[in-house]
Amino acid sequence: MTLPAVPVSTVAEPPPEAAPPSRAERTLDRALRVTGGVLTVWGGVLLALLELIFSTWAWELLQGRSGAAQALVGVGAVVVGVPVVVAATVLLGSFGHRSTGGRWAVVLAALPWFVVIVAGGVRTVEGDLALVGDNVLGLALIVAGAVTFAVVGFRHLVTPPPVR
């Protein structure tokens, strides 16, 4: 004895279409994206300033030591400083990407970062210089930040956008 077969649809039903966002929702979304972009720009400036301050402070600390203490402080500053710069740069690039929704948003953090770093290498009228040529730690932090911004930017540009 056989039972009657139950009809089964093999075609998936299309999901119901969502209503278009209202004008207030679009305005709020745009305001949040602009705020995220502004915060990303300020984050780039702040990150560069903190890197310059850290590299100058660590270099002065390193110059005040001699022998084994100098080597220990120098290795410690590099071991702590470079990974922190890389992690902060990746986080800032991801924040910019997520907060603005644009794949180009890493530029919002990278441009002010480069401007502040370049300004740190220019002597002021008073003779102050935030980043000197013999500051190897500062140069390592600059290279680490620049390479990380390049990799994060490349990654965001190459990755296909999510399907909505």
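Structural notes, computed from the coordinates. Here the structure is a predicted model, which is why all the values come from computation and not from measurement.

**Notes on a nonpolar patch on the surface**
Line of reasoning, step 1. A cluster of nonpolar side chains, Leu46, Leu49, Leu50 and Ile53, forms an exposed patch at the surface whose accessible area comes to about 390 Å².
Line of reasoning, step 2. Mapped onto the secondary structure, Leu50 falls in helix α1 (residues 23-63).

**Remarks on the side chain of Ser99**
Line of reasoning, step 1. Within the secondary structure, Ser99 is located in helix α2 (residues 68-100).
Line of reasoning, step 2. Within the local environment of Ser99, its side chain forms a polar contact with the backbone oxygen of Gly96, the two atoms lying 3.4 Å apart.

**Some details on the nonpolar core**
In a soluble, globular protein the nonpolar side chains are often hidden away together inside.
Line of reasoning, step 1. If you look at the biggest cluster of nonpolar residues, it comprises 15 residues, and the most contacted ones within it are Trp113, Ile117 and Phe149.
Line of reasoning, step 2. At the level of elements, α1, α3 (106-120) and α4 (136-158) are the ones that each hand at least two residues to this core.
Line of reasoning, step 3. Ranked by the residues each element gives to this core, the list is headed by α3, at six residues.
Line of reasoning, step 4. Once residues lying within four places of it in the same chain are set aside, the contact partners of Ile117 are Ala48, Glu51, Leu52 and Ile142.

**Looking at the packing of α3 against α4**
Line of reasoning, step 1. At a minimum axis distance of 10 Å, the contact between α3 and α4 shows a crossing angle of 160 degrees. When the axes of α3 and α4 are compared, the pair comes out roughly antiparallel. You can see that α3 and α4 cross each other, and the crossing is left-handed. Together, Val106, Ala109, Ala110, Trp113, Phe114 and Ile117 of α3 and Leu141, Ile142, Gly145, Ala146, Phe149, Val152 and Gly153 of α4 make up the contact between the two elements.
Line of reasoning, step 2. Here the contact of α3 with α4 is composed, by residue class, of 11 nonpolar, two polar and no charged.

Definitions and limits used
- Residues numbered from 1 in each chain as written.
- Predicted model: local features only at pLDDT ≥ 70, side-chain atom pairs only at ≥ 80, totals over all residues.
- Heavy atoms only, no water.
- Patch = residues over 30% accessible without salt bridge, like charges linked within 9 Å, V, L, I, M, F, W, Y side chains within 5 Å.
- Areas by Shrake-Rupley, 256 points an atom, 1.4 Å probe, with all protein chains shown as cover.
- Salt bridge = Lys/Arg side-chain N within 4 Å of Asp/Glu carboxyl O.
- Helix = DSSP H or I, 4+ residues; strand = E, 2+ residues; numbered from the N terminus.
- Polar contact = N/O pair within 3.5 Å; in protein donor to acceptor, adjacent residues only side chain to side chain.
- Core = buried A, V, L, I, M, F, W, Y, C linked by side-chain atoms within 4.5 Å.
- Buried < 20%, exposed > 50% of the residue type's maximum accessible area, 1.4 Å probe, protein only.
- Contact = heavy atoms within 4.5 Å.
- Axes fitted to C-alpha atoms, helices over the stretch in contact; angles between N-to-C directions.
- Parallel < 35°, antiparallel > 145°, perpendicular 65-115°, else oblique.
- Left-handed = near helix turned anticlockwise from the far one by under 90°.
- Nonpolar A, V, L, I, M, F, W, Y, C, P; charged D, E, K, R; others polar.

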